[in-house]
Amino acid sequence: MFEGTVRLFLAWLGALMFMAPVSLAVAQNVDGVSDLKLPGISSYATPKGETSLALSGGGAITLSAQLTDKGSDITRGIVWRVFKPEAVNGKLPMVASSHGGTAVFQLEPGSYLVHASYGRAGATKRITVGKDAKRESLVLDAGGLKLDAVLSGGVRIPSKKLRFSIYEGTAEANGDRALIIPDVEPNSVVRLNAGIYHVVSTYGAVNAVIRSDIRVEAGKLTEATVEHHAAEITMKLVRETGGEAIADTSWSLLNESGDPIKETVGAFASMVLAEGDYTIIAKNRDRIYQKDFTVVAGQNQEIEVLATEAAAMDPEEGAD
């Protein structure tokens, strides 16, 4: 019932175009390193002892990252974290970190795990540091995703009433999907590892929801616009047509199957609803009034429920 239309626009994107705030990343396999859930920064431990493992007299290691294997170095927005590969009390000791683009670390000779995060994209690689300077690069295999939504006919939706949630593309055995990023604002660029993602667009806070599977390609910006079939509805209880709204009214909204989907209290009941048939029940001073109405996509409307004896329901009936 609530299916929508997705329009995708792909454009080549350089590293400087992904300007969304740096945040948690999803680690990827690089050179056979197992996926590490390094984001969250709750699974690492600071090294013990007085001497840091990042030594000025150690081997210099230069780290750079690219979106694709043929891409140029990313110059900003990278968060570098260097770990010792042996866990301490179940956590990896982090020995060094840096923010920006290409980074240089002085580390004592040995084996390390390097994690680079770029927005929600990330990669992990095992490196070996010797006494001589060397350079390592990580390919993030990442792209950008920019989301928006419109109403039928291309009518813009107020951004404050529109949000997106990004989930993993593959569902678990029970049908659930892991949430990657909640509450994404429209037209913001989110950096993600290449792959398919399940995107949920929510207009308002009731039932105007569109679900889409969207592919993010490495080195590209994917722009996806979904179409909501919904409208903004305002309901009020009046004693006569065109009259003032009656205060202290309790509202209960039912869908066409008779299931309650929204309850609120006040002189007005305003909400965004997906297109379809509904029943609104208003209660004021132990009197119950009911009205059926239809929501047409893109047509905002004000619905008046008349508080007359003819429209009043039996309280016992309304309680059912």
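Before reading further, recall that the structure is shown in the block above.
A few points on the structure.

Here we take up the overall build of the chain. When you go through the chain residue by residue, the secondary structure sums to one helix and 24 strands. Per-residue burial for the chain yields a buried fraction of 43% across its 320 residues. A sequence separation of at least 24 residues applies to 64% of the contacts in the chain between residues at least 6 apart. With an accessible surface of roughly 16300 Å², the chain has 47% of that area assigned to carbon and sulfur atoms.

So, on to the pattern of salt bridges. Applying the stated criterion across every chain yields a total of 10 salt bridges. Two residues, Arg156 and Asp148, come together in a salt bridge whose shortest N-O distance is 2.6 Å. Arg163 is the partner of Asp183 in a salt bridge, and the nearest nitrogen-oxygen pair spans 3.1 Å. Remark: Arg163 occurs in strand β11 (residues 162-168) and Asp183 occurs in strand β12 (residues 179-184); sequence separation between them is 20 residues. The network of salt bridges with common partners includes Lys125, Lys134 and Glu136.

Taken together, the four strands give an open sheet; going across it, the order is β12-β11-β14-β15, and neighbouring strands pair in antiparallel fashion. Taken across any chain shown, the strands that pair with only one partner, and hence form the sheet edges, are β12 and β15 (208-216). Each strand of the sheet is rotated relative to its neighbour by a mean of 20°, with strand direction disregarded. Direction of pairing for β11 relative to β12: antiparallel, over a ladder of three bridges. Residue Ile166 lies in a different strand from β12, and its bridge partner there is Ile181.

Applying the stated criterion across every chain yields a total of one aromatic pair. Ring geometry for Tyr278 against Phe293: centres 5.7 Å apart, planes inclined by 20°, an arrangement best described as stacked. With Tyr278 in strand β21 (residues 276-284) and Phe293 in strand β22 (residues 287-295), this residue pair connects regions lying 15 residues apart in the sequence. Given the relative accessible area of 4%, Tyr278 is considered buried. By relative accessible area, which is 8% here, Phe293 ends up buried. Over the ring of Tyr112 we find Lys84; its NZ or CZ atom is 4.9 Å from the centre of that ring. The ring of Tyr118 is capped by Arg191, whose NZ or CZ atom sits 4.0 Å from the centre of that ring.

All right, on to the sheet that holds strand β20 (residues 268-274) then. Taken together, three strands build an open sheet; the order of strands is β20-β17-β23 and the sheet is mixed. At either end of the open sheet lies a strand with only one pairing partner, and these are β20 and β23 (301-306). Strand-to-strand twist across the sheet, computed as the mean angle between neighbouring axes with direction ignored, equals 25°. Bridge count between strand β17 (residues 230-238) and β23: six bridges; the pairing is parallel.

Here we take up the environment of Gly276. Structurally, Gly276 can be placed in strand β21. Of the residues examined, Gly276 reaches a relative accessible area of 16% and is grouped as buried. Sequence separation between Gly276 and Phe293 is 17 residues, and the spatial gap between their C-alpha atoms is 8.7 Å.

Moving on: the nonpolar core. Counting residues in hydrophobic clusters, the biggest one holds 24 residues, and the most contacted among them are Ile78, Trp80, Val82, Phe105, Leu107 and Leu140. Mapped by element, the contributors of at least two residues to this core are β3 (59-66), β4 (78-83), β5 (92-100), β6 (103-107), β7 (110-118) and β8 (121-129). Core analysis: the second largest hydrophobic core is formed by 23 residues, Leu145, Val199, Ile210 and Val272 among them.

Within the element layout of this structure, Tyr197 appears in strand β14 (residues 195-203). For Tyr197, the contacting residues outside a window of four places in its chain are Ile166, Tyr167, Gly169, Ile180, Leu192, Ser212, Asp213, Ile214 and Val216. In terms of polar contacts, Tyr197 uses its side chain to reach the backbone carbonyl oxygen of Asn193, at 2.5 Å.

Here the focus is unusual backbone geometry. Of note, the phi angle at Asp141 is positive, near 55°, even though the residue is not glycine. Positionally, Asp141 belongs in the loop between β9 (134-139) and β10 (142-151). A relative accessible area of 36% places Asp141 in the partly exposed class. A positive phi angle, close to 55°, is found at Asp183, a residue other than glycine. Using a relative accessible area of 53% as the deciding quantity, one classes Asp183 as exposed.

Cut-off values and rules
Residues numbered from 1 in each chain as written. Predicted model: local features only at pLDDT ≥ 70, side-chain atom pairs only at ≥ 80, totals over all residues. Heavy atoms only, no water. Helix = DSSP H or I, 4+ residues; strand = E, 2+ residues; numbered from the N terminus. Buried < 20%, exposed > 50% of the residue type's maximum accessible area, 1.4 Å probe, protein only. Contact = heavy atoms within 4.5 Å. Areas by Shrake-Rupley, 256 points an atom, 1.4 Å probe, with all protein chains shown as cover. Salt bridge = Lys/Arg side-chain N within 4 Å of Asp/Glu carboxyl O. Pairing = 2+ DSSP bridges. Axes fitted to C-alpha atoms, helices over the stretch in contact; angles between N-to-C directions. Phe/Tyr/Trp six-rings, centres within 6.5 Å; stacked < 30°, edge-to-face > 60°. Lys NZ or Arg CZ within 6 Å of the ring centre and 35° of its normal. Core = buried A, V, L, I, M, F, W, Y, C linked by side-chain atoms within 4.5 Å. Polar contact = N/O pair within 3.5 Å; in protein donor to acceptor, adjacent residues only side chain to side chain.

Note that every value here comes from positions in space, so none of it alone points to a role or purpose.
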